[in-house]
Every structure is written in structure tokens, then in C-alpha cells.
Amino acid sequence: MPRLAADQARRLLAAARVARLATASPDGVPHLVPVTFVLAGDTVYTAVDGKPKATARLRRLDNIRRNPAVALLADHYAEDWSELWWARADGQASVIADPALMAGPARLLADRYPQYAAVPLPGPVIAIHVSRWSGWAAAPGFPAAG
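A short tour of the structure in this document, coming up. Keep in mind that what you see is a predicted model, and the values were worked out from it rather than measured. (Residues numbered from 1 in each chain as written. Predicted model: local features only at pLDDT ≥ 70, side-chain atom pairs only at ≥ 80, totals over all residues. Heavy atoms only, no water.)

## Some points on the nonpolar core
Right, on to step 1. Judged by nonpolar contacts, the single largest core of 38 residues is most densely connected at Leu 13, Leu 21, Phe 37, Val 44, Leu 72, Ile 128 and Trp 133.
Right, on to step 2. In terms of residue count, strand S7 (residues 125-137) provides more of this core than any other element does, seven residues in total. (Core = buried A, V, L, I, M, F, W, Y, C linked by side-chain atoms within 4.5 Å. Buried < 20%, exposed > 50% of the residue type's maximum accessible area, 1.4 Å probe, protein only. Helix = DSSP H or I, 4+ residues; strand = E, 2+ residues; numbered from the N terminus.)

## Description of the pattern of salt bridges
Right, on to step 1. Applying the stated criterion across every chain, the model contains five salt bridges.
Right, on to step 2. Across the salt bridge formed by Asp 42 and Arg 10, the nearest N and O atoms sit 3.3 Å from each other. Separated by 32 residues along the polypeptide, Asp 42 in the loop between strand S3 (38-40) and strand S4 (43-47) and Arg 10 in helix H1 (residues 6-15) bring together distant segments of the chain.
Right, on to step 3. You can call Asp 42 partly exposed: its relative accessible area is 41%.
Right, on to step 4. On the basis of relative accessible area, Arg 10 is assigned to the partly exposed category, the value being 27%. (Salt bridge = Lys/Arg side-chain N within 4 Å of Asp/Glu carboxyl O.)

## Some words on helix H3 (residues 99-112)
Right, on to step 1. With 14 residues, H3 extends 20 Å from end C-alpha to end C-alpha; this agrees with the ideal 20 Å at 1.5 Å per step.
Right, on to step 2. Of the residues making up H3, those classed as buried are Met 102, Pro 105, Ala 106, Leu 109 and Arg 112.
Right, on to step 3. In the core, the buried residues of H3 are packed alongside H1, S3, S4, strand S6 (85-96) and S7.
Right, on to step 4. Backbone nitrogen of Ala 100 and a side-chain oxygen of the N-cap are separated by 2.8 Å at the start of H3; the cap is Asp 98. (Expected span 1.5 Å × (residues − 1). Contact = heavy atoms within 4.5 Å. Polar contact = N/O pair within 3.5 Å; in protein donor to acceptor, adjacent residues only side chain to side chain.)

## Description of the sheet that holds S3
Right, on to step 1. Reading across from one edge, S2-S1-S5-S6-S7-S4-S3 is the order of the seven strands in this open sheet, with antiparallel pairing throughout. Among the strands making up the open sheet, the edge pair consists of strand S2 (30-35) and S3. Neighbour to neighbour, the strand axes of the sheet diverge by 30 degrees on average, direction disregarded.
Right, on to step 2. Helix-sheet contacts for H3 involve S3, S4, S6 and S7, and the interaxial angle to S4 is about 85 degrees. (Pairing = 2+ DSSP bridges. Axes fitted to C-alpha atoms, helices over the stretch in contact; angles between N-to-C directions.)

## A look at the environment of Arg 17
Right, on to step 1. Note on placement: Arg 17 falls in the loop between H1 and strand S1 (19-24).
Right, on to step 2. Take Arg 17: its relative accessible area is 42%, and that puts it in the partly exposed class.
Right, on to step 3. Along the primary structure Arg 17 and Thr 36 are separated by 19 residues, whereas in three dimensions their C-alpha atoms are 6.6 Å apart.
Right, on to step 4. The contacts of Arg 17, once residues within four sequence positions are left out, are Thr 36, Phe 37, Arg 112 and Tyr 113.
Right, on to step 5. A polar contact is formed between the side chain of Arg 17 and the backbone oxygen of Arg 112, at a distance of 3.3 Å.

## Quick notes on the pairing of S6
Right, on to step 1. Two strands pair when backbone bridges link them, and strand S5 (residues 69-76) and S6 are joined in this way by eight bridges, in the antiparallel orientation. Among the inter-strand pairings, Leu 73 is bridged to a residue of S6, identified as Arg 88.
Right, on to step 2. Alignment of S6 against S7, held across twelve bridges, turns out to be antiparallel. Note on S7: the bridge partner recorded for Trp 86 is Trp 136.

## Examining the side chain of Asn 63
Right, on to step 1. Mapping Asn 63 onto the fold places it in helix H2 (residues 59-66).
Right, on to step 2. Judged by its relative accessible area of 5%, Asn 63 is buried.
Right, on to step 3. Sequence-distant contacts of Asn 63, defined by excluding residues within four places in its chain, comprise Thr 23, Ala 24, Ser 25, His 31 and Pro 68.

## So, the packing of aromatic side chains
Right, on to step 1. By the definition in use, this model includes one aromatic pair.
Right, on to step 2. Centroid distance Tyr 113 to Tyr 116: 6.0 Å. Interplanar angle 75 degrees. Geometry classified as edge-to-face.
Right, on to step 3. Above the face of the Phe 37 ring, Arg 112 is positioned so that its terminal group lies 4.9 Å from the ring centre. (Phe/Tyr/Trp six-rings, centres within 6.5 Å; stacked < 30°, edge-to-face > 60°. Lys NZ or Arg CZ within 6 Å of the ring centre and 35° of its normal.)

All we've got here are geometric facts, nothing functional implied.
This is the structure in C-alpha cells:
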């Protein structure tokens, strides 16, 4: 069961359409949410979009402000288990609330996800500065390099 090289894990995560963002409260309580995201260099951006939320005070934002260590995980499941893989980015996150600083990441997200033409990105934006890429694939040589 081969571990993926950092560059392959980075490539797979960057190509994924959705990932799960893991944060933890200061006392270690985990919190996991699915997110859309975009990779720019070694920084991953995700944003609070305009879809209805249960509350405006999101736990992921509070967690990051108090404990910036996060992980982002993307994976692929198939009934043929030789096609399974996962890729993870570990890093330090920050919350960007300044509209001028949110504009660039919001534009990158809108370019990647056409749905954002109809769903606003009021923010804030989460910036994850990746310090470690890791991953795993079920079969040697899968997924194929590309």
C-alpha cells in the first residue's frame, strides 16, 4: 500500500472538487466540514459562501482563530478498491475578513467553481499555508502520474 510522494498528493488534492476541512477547538474537540477550495502555490483558499447557514458564527472560523493548525483531506472511493486514494494538506490557517484581501482568493474560487456566479462569496476567506502534503493509494502506480 504505497504512500504518495508529496508532489503527487498535492496534485491529487488540487484536482479534487471537494475536500473536508478539519479544525479543532482549543481543548481538542474536532470539527469537520466539506469545502470547495482552490490551491495557489502552497496556499489553499476556501471561503464562507452565501448558501444558507444555521448561524453566522461558524465553528470553523472560531477554531482557526484560536487554534490555526488544520488539515484538508480529499479522497476517491470506488467499488474497485485498487482505485482508492486519499491526499491531505496539513498547515496553519488564518481568517481573512478584509474585503480587499479577500478579492483575489474569491476570484480564484469563482474561476474554479462556476456556481459562484449565482452564489455570492461574502467571506471571510480561510487561507491555509500548507507545510506538509501526504497521501496514500491502494495500488502501486495508481493513480497514474499526469
